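Tertiary structure, described
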Amino acid sequence: QVQLVESGGGLVQAGGSLRLSCAASGRTFSTYRIGWFRQAPGKEREFVATISGSGGSTYYKDSVKGRFTISRDNAKNTVYLQMNSLKPEDTAVYYCAAQVEVRPRVYEYFYWGQGTQVTVSS
């Protein structure tokens, strides 16, 4: 089992930066692909970025490419989301999640953190 705790959210002006952290418990953290997701008021939760267990593979939502960078430090059991050039439309609660093989070759984001609020003012 993995427990995830996000931090680093806050209020920032458009064009500013924030770095979110996702701290995990457990000695097998490096085996989990971790994703960042966000949910704005009245909208569905959406994918933002993901990183493989080793950190060698990353993937981003098109609208954040070039502005957000996902990274991880397995020695610290932590995944980061560096967010630059923030826009008002990035305002949301941001969640991290760990992917698990729920059935053979079927993967789901199974463990979730409680979320951290990011608000970007115009």
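Just above, that's the structure.
A short tour of the structure in this document, coming up. For every chain, the first residue of the written sequence is number 1, and numbering continues from 1 along that sequence. This being a predicted model, a pLDDT of at least 70 is required before a residue's local features are given, and a value of 80 or more before pairs of side-chain atoms are given or counted; all residues contribute to the totals for chains, interfaces and linings. As a rule here, side-chain values come from all non-hydrogen atoms in the structure, and water together with hydrogens is ignored.

**Points about the overall build of the protein chain**
Heads up, the rule is: Helix and strand assignments come from DSSP, with helices taken as H or I runs of at least 4 residues and strands as E runs of at least 2, each series counted from the N terminus. Atoms considered for the radius of gyration are the C-alpha atoms alone. The globule rule reads 2.2 Å times the number of residues to the power 0.38. Relative accessibility under 20% of the residue-type maximum defines a buried residue, over 50% an exposed one, and the middle range a partly exposed one, all with a 1.4 Å probe and only protein chains included. Between two residues, a contact is recorded if the distance between any of their heavy atoms is within 4.5 Å. To measure how exposed things are, a 1.4 Å probe is used in the Shrake-Rupley method; for residues, cover is taken only from the protein chains shown. Two residue types count as positive, namely Lys and Arg, and two as negative, namely Asp and Glu; His and chain ends fall outside the count. A single reference atom marks each charge: NZ on Lys, CZ on Arg, CG on Asp, CD on Glu.
Helix and strand content of the protein chain: zero helices and 11 strands. Each helix and strand of the protein chain, placed in order from N terminus to C terminus, yields the pattern β-β-β-β-β-β-β-β-β-β-β. On C-alpha atoms alone, the protein chain measures out to a radius of gyration of 14 Å, which is about the 14 Å that the 2.2 N^0.38 rule sets for 122 residues. Relative to its 122 residues, the protein chain shows a buried fraction of 43%. Expressed as a percentage of contacts within the protein chain between residues at least 6 apart in sequence, the contacts between residues at least 24 apart total 53%. A total of about 6,700 Å² of accessible surface is found on the protein chain, and carbon and sulfur atoms cover 46% of it. In the protein chain, 14 side chains carry a positive charge and 9 a negative one; their mean positions are 4 Å apart.

**As for the state of the cysteines**
As a reminder, the rule being used: Any two cysteine sulfur atoms within 2.5 Å of one another count as a disulfide.
In the structure shown here, the tally under the stated rule is one disulfide. The side chain of cysteine 22 participates in a disulfide bridge whose partner is cysteine 96; the two sulfur atoms lie 2.1 Å from each other. The chirality of the disulfide connecting cysteine 22 with cysteine 96 is right-handed, given an S-S dihedral of about 75°. With a gap of 74 residues between them, cysteine 22 in strand β3 (residues 18-24) and cysteine 96 in strand β9 (residues 92-103) connect regions that are remote in the sequence. Neither residue differs from the other here; cysteine 22 and cysteine 96 are each classed as buried.

**Digging into the nonpolar core**
Formally: What makes a nonpolar core is a set of buried Ala, Val, Leu, Ile, Met, Phe, Trp, Tyr and Cys residues whose side-chain atoms join them at distances within 4.5 Å.
Trp36, Leu81, Met83 and Tyr94 are the most contacted members of the largest nonpolar core, which totals 30 residues. Here this core takes five residues from β9, the largest share from any one element. Not counting residues up to four positions away in its chain, the partners in contact with tyrosine 94 are Glu6, Leu20, Trp36, Phe37, Arg38, Val48, Phe68, Leu81, Met83, Gly115, Thr116 and Val118.

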